[in-house]
Amino acid sequence: MKPLTTDPRRIAVYPGSFDPITLGHVDIINRVARLYDQVIVLIANAPEKPSLFSIQERKDLIRRSLNHVVNVEIVSHDGLTIDFLKQRNCHVLVRGLRAVVDFEYEISMSNINNKLAPEIETILIFARPEYYFLSSRSVKEVARYGGALDELVPLPVVKALQQRFQLDRKE
Ligand code: ADP
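From a predicted model like this one, the values you see are computed outputs, not experimental measurements.

Student: Describe the environment of Asp102, listing the residues and the values that go with them.
Tutor: Along the polypeptide, Asp102 turns up in helix H4 (residues 100-116). Taking C-alpha positions, Asp102 is 17 Å from Asp19, a pair spaced 83 residues apart along the chain. Not counting residues within four places of it along the chain, the set of residues in contact with Asp102 comprises Gly96 and Leu97.

Student: Before we move on, could you go through the pattern of salt bridges and cite the residues and values that matter?
Tutor: Evaluated as defined, the whole model comprises 12 salt bridges. Here Asp19 and Arg58 are joined by a salt bridge, their closest N and O atoms 3.8 Å apart. In this pair, Asp19 is assigned in the loop between strand E1 (11-16) and helix H1 (23-35) and Arg58 in helix H2 (residues 55-65), connecting sequence segments 39 residues apart. Using a relative accessible area of 4% as the deciding quantity, one classes Asp19 as buried. Since its relative accessible area comes to 8%, Arg58 is described here as buried. A salt bridge links Arg88 to Glu73; its shortest N-O distance comes to 2.9 Å. With Arg88 in the loop between helix H3 (81-87) and strand E4 (92-97) and Glu73 in strand E3 (residues 72-78), this residue pair connects regions lying 15 residues apart in the sequence. With a relative accessible area of 10%, Glu73 lands in the buried category. Several salt bridges converge on common partners, so that one network encompasses Asp19, Arg58 and Lys140.

Student: Just give me the short version of H1, but keep the residues and values in it.
Tutor: The first and last C-alpha atoms of H1 sit 19 Å apart over 13 residues, in line with the 18 Å expected at 1.5 Å per residue. All of the buried residues in H1 are Leu23, Gly24, His25, Val26, Asp27, Ile28, Ile29, Arg31, Val32 and Ala33. Packing partners of the buried residues in H1 comprise E1, strand E2 (38-45), E3, E4, strand E5 (121-126) and helix H5 (136-144). At the N-terminal boundary of H1, the capping side chain belongs to Thr22, with an oxygen 3.1 Å from the backbone nitrogen of Gly24.

Student: Describe the sheet that holds E4, with residues and values.
Tutor: Taken in spatial order, the five strands of this open sheet run E3-E2-E1-E4-E5, and their pairing is parallel. Looking at strand neighbours, the two that pair on one side only are E3 and E5, the edges of this open sheet. Ignoring which end each strand starts from, the neighbouring axes of this sheet average 30 degrees apart. The sheet contact formed by E2 and E3 spans seven bridges and is parallel. Bridging across to E3, Ala44 finds its partner in His77. Lying on the sheet, H1 is in contact with E1, E2, E3, E4 and E5; it crosses E5 at an angle near 120 degrees. Across the sheet, H4 lies against E4 and E5, angled at about 165 degrees from E4, the strand it touches most.

Reading the values: the criteria
- Residues numbered from 1 in each chain as written.
- Predicted model: local features only at pLDDT ≥ 70, side-chain atom pairs only at ≥ 80, totals over all residues.
- Heavy atoms only, no water.
- Helix = DSSP H or I, 4+ residues; strand = E, 2+ residues; numbered from the N terminus.
- Contact = heavy atoms within 4.5 Å.
- Salt bridge = Lys/Arg side-chain N within 4 Å of Asp/Glu carboxyl O.
- Buried < 20%, exposed > 50% of the residue type's maximum accessible area, 1.4 Å probe, protein only.
- Expected span 1.5 Å × (residues − 1).
- Polar contact = N/O pair within 3.5 Å; in protein donor to acceptor, adjacent residues only side chain to side chain.
- Pairing = 2+ DSSP bridges.
- Axes fitted to C-alpha atoms, helices over the stretch in contact; angles between N-to-C directions.

In structure tokens:
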């Protein structure tokens, strides 16, 4: 994709597993897209972490869930997130903050990243109250037992989850 901006300070990188993308993620992306010229959604490829969807499936689901956002680029990356930011000369790393447990993890990641790359700043965006307890993990649990997904994930993800778990139940 052609870069939307040539100024790396106007780009925010939002990394995560996105297995799968939820409405909480979409809300953060919408809000960041209003603050920066470009948002890069970075799917962290962590083969040691078991995942439901492949990187390509996650990428497709994110793309189809973000049709309305014009200034977004979706990429995947192996290795450290800060190395991706360095390669692209970006300085802003965005994370979403939900419950108290997120805080400890995020503050330690931000400190480590700051030691490794002091030029990169972590920006935390508070989750909206309705998404405060929403996680990819809880969504997968709901889907596994056939619960309602429409208020948790975008429509393409509802369908993908239903398909995935229906197949499992038939097997
Ligand atoms: P990771 O495995 O790196 O935490 P996730 O895909 O679970 O990746 O989350 C990516 C980012 O989005 C993290 O900063 C996480 O805190 C944030 N996030 C996850 N769910 C929500 C939500 N419901 N509302 C706001 N932010 C969220």
